[in-house]
Amino acid sequence: INHTGPDIIQSVDYVRVYDVSGTPENYIFATNSWSLGGQTDYWSFDAMTYTFFGDGPWSIPSNWYENALPSITDSLQVLSGANLILNGNRTINGILVDGIITIGNDTLTVNGESVINDSISIGAGLLTANGVIDNNGTIAIATGTLDANAPFEGDAGAITFTDDGNLSLASTVISLGTLSDDNGT
């Protein structure tokens, strides 16, 4: 990128950036792009959607199409056939689940919209949803908790309690879908 001269606005799309800096007068605006490290002064990286296609832990970059880990302002998509295993407490902007998310003992906080087309399994952990939940799949709760703090739409989905788990709904419930009543609270 040749980024010199007064008052030049540079923008790029779909790039991986390592050790390239702009100047205070000439920021570089990047969409669908991410920093791989090094000096990236005077860059503005917009939030993007990271794609998980692997079968394993969140923390392994090679499980992600971008070969990097999403940040708190990013969203994520779990592709059909993929199984994202949460390892460590994570916060993300939004999720689109076409595969599986497995939450063991950790916490996943989603600040934006959650669309579940396949499944989320909550062991002893916590899923906190601060944005709208659109459940078209299955949310299985063992001893953990789903804490929904925004509208919940589950007409085409199911919530299954496999043990003494908890479901906390703090906003409008449009529909829970199919709700198992043999366990949980």
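Since this is a predicted model, take the numbers as computed values, not measurements.

What counts, and at which threshold
Residues numbered from 1 in each chain as written. Predicted model: local features only at pLDDT ≥ 70, side-chain atom pairs only at ≥ 80, totals over all residues. Heavy atoms only, no water. Helix = DSSP H or I, 4+ residues; strand = E, 2+ residues; numbered from the N terminus. Contact = heavy atoms within 4.5 Å. Areas by Shrake-Rupley, 256 points an atom, 1.4 Å probe, with all protein chains shown as cover. Phe/Tyr/Trp six-rings, centres within 6.5 Å; stacked < 30°, edge-to-face > 60°. Buried < 20%, exposed > 50% of the residue type's maximum accessible area, 1.4 Å probe, protein only. Pairing = 2+ DSSP bridges. Core = buried A, V, L, I, M, F, W, Y, C linked by side-chain atoms within 4.5 Å. Lys, Arg positive; Asp, Glu negative; His and termini not counted. Salt bridge = Lys/Arg side-chain N within 4 Å of Asp/Glu carboxyl O. Polar contact = N/O pair within 3.5 Å; in protein donor to acceptor, adjacent residues only side chain to side chain.

Once that is clear, we can look at the overall build of the protein chain. Helix and strand content of the protein chain: 0 helices and 24 strands. For the C-alpha atoms alone, the extent of the protein chain along its principal axes is close to 70 × 30 × 25 Å. The long-range share in the protein chain, meaning contacts at least 24 apart out of those at least 6 apart in sequence, stands at 13%. As presented, the protein chain carries roughly 8,800 Å² of accessible surface, and 48% of it is formed by carbon and sulfur atoms.

Attention shifts here to the packing of aromatic side chains. Under the defined criterion, the tally for this structure stands at 3 aromatic pairs. Plain terms: the ring middles of tyrosine 50 and tryptophan 64 are 6.4 Å apart, the flat faces sit at 85 degrees to each other, and that makes the pair edge-to-face. Here the residue tyrosine 50 occupies a position in strand β6 (residues 49-52), and tryptophan 64 occupies one in the loop between β7 (55-57) and β8 (75-78), the gap between them amounting to 14 residues. Here tryptophan 64 falls in the buried class, since its relative accessible area comes to 1%. Taking 5.4 Å as the distance between ring centres and 70 degrees as the angle between the ring planes, the aromatic pair formed by tryptophan 58 and tryptophan 64 counts as edge-to-face.

In this section: the sheet that holds strand β12 (residues 100-103). Taken together, 7 strands build an open sheet; the order of strands is β7-β9-β12-β15-β18-β21-β24 and the sheet is parallel. Lying at the two open borders of the sheet, with one neighbouring strand each, are β7 and β24 (178-179). Of the strand pairs in this sheet, strand β9 (residues 83-86) and β12 are connected by 4 bridges, and their pairing is parallel. Following the sheet pairing, leucine 84 is matched in β12 by isoleucine 101.

Another point: the nonpolar core. In terms of nonpolar packing, the biggest core is built from 33 residues, with Ile101, Leu108, Ile120 and Leu146 touching the most fellow members. In contact with leucine 108, not counting residues within four places along its chain, are Trp58, Leu86, Arg90, Ile92, Ile101, Ile103, Leu126, Leu127 and Thr128. With 5 residues, the next largest nonpolar core counts Val12, Val17, Ile28 and Ala30 among its residues.

This part takes up the environment of isoleucine 28. As for its position among the elements, isoleucine 28 is in strand β3 (residues 28-31). Separated by 59 residues in sequence, isoleucine 28 and asparagine 87 place their C-alpha atoms 33 Å apart.

The subject of this paragraph is the pairing of β8. Two strands pair when backbone bridges link them, and β6 and β8 are joined in this way by 4 bridges, in the parallel orientation. Residue pairing for β8: phenylalanine 52 is matched across the bridge by valine 78. Of the strand pairs in this sheet, β8 and strand β11 (residues 94-97) are connected by 4 bridges, and their pairing is parallel. In the sheet register, valine 78 faces β11, and the bridge partner there is valine 97.

Moving on, we come to the side chain of aspartate 74. The topology assignment puts aspartate 74 in the loop between β7 and β8. For the buried aspartate 74, no salt bridge is present, and the opposite-charge side chain at shortest range is arginine 90, 12 Å distant. A distance of 2.9 Å separates a polar atom in the side chain of aspartate 74 from the backbone nitrogen of methionine 48.

Attention now moves to the side chain of serine 119. Mapping serine 119 onto the fold places it in strand β15 (residues 119-122). Residue classification places serine 119 among the buried positions, given a relative accessible area of 17%. With residues up to four places along the chain from it excluded, the contact list for serine 119 reads Val97, Gly99, Ile100, Ile101 and Thr138.

A word on unusual backbone geometry. Of note in the backbone geometry, asparagine 67 takes a positive phi value of approximately 55 degrees without being a glycine. Summarising the element assignment, asparagine 67 is placed in the loop between β7 and β8.

Mapped onto the fold, tryptophan 34 is located in strand β4 (residues 34-37). Excluding anything up to four places from it in sequence, tryptophan 34 contacts Val15, Arg16, Val17, Phe45, Met48, Tyr50, Glu66 and Ala68.

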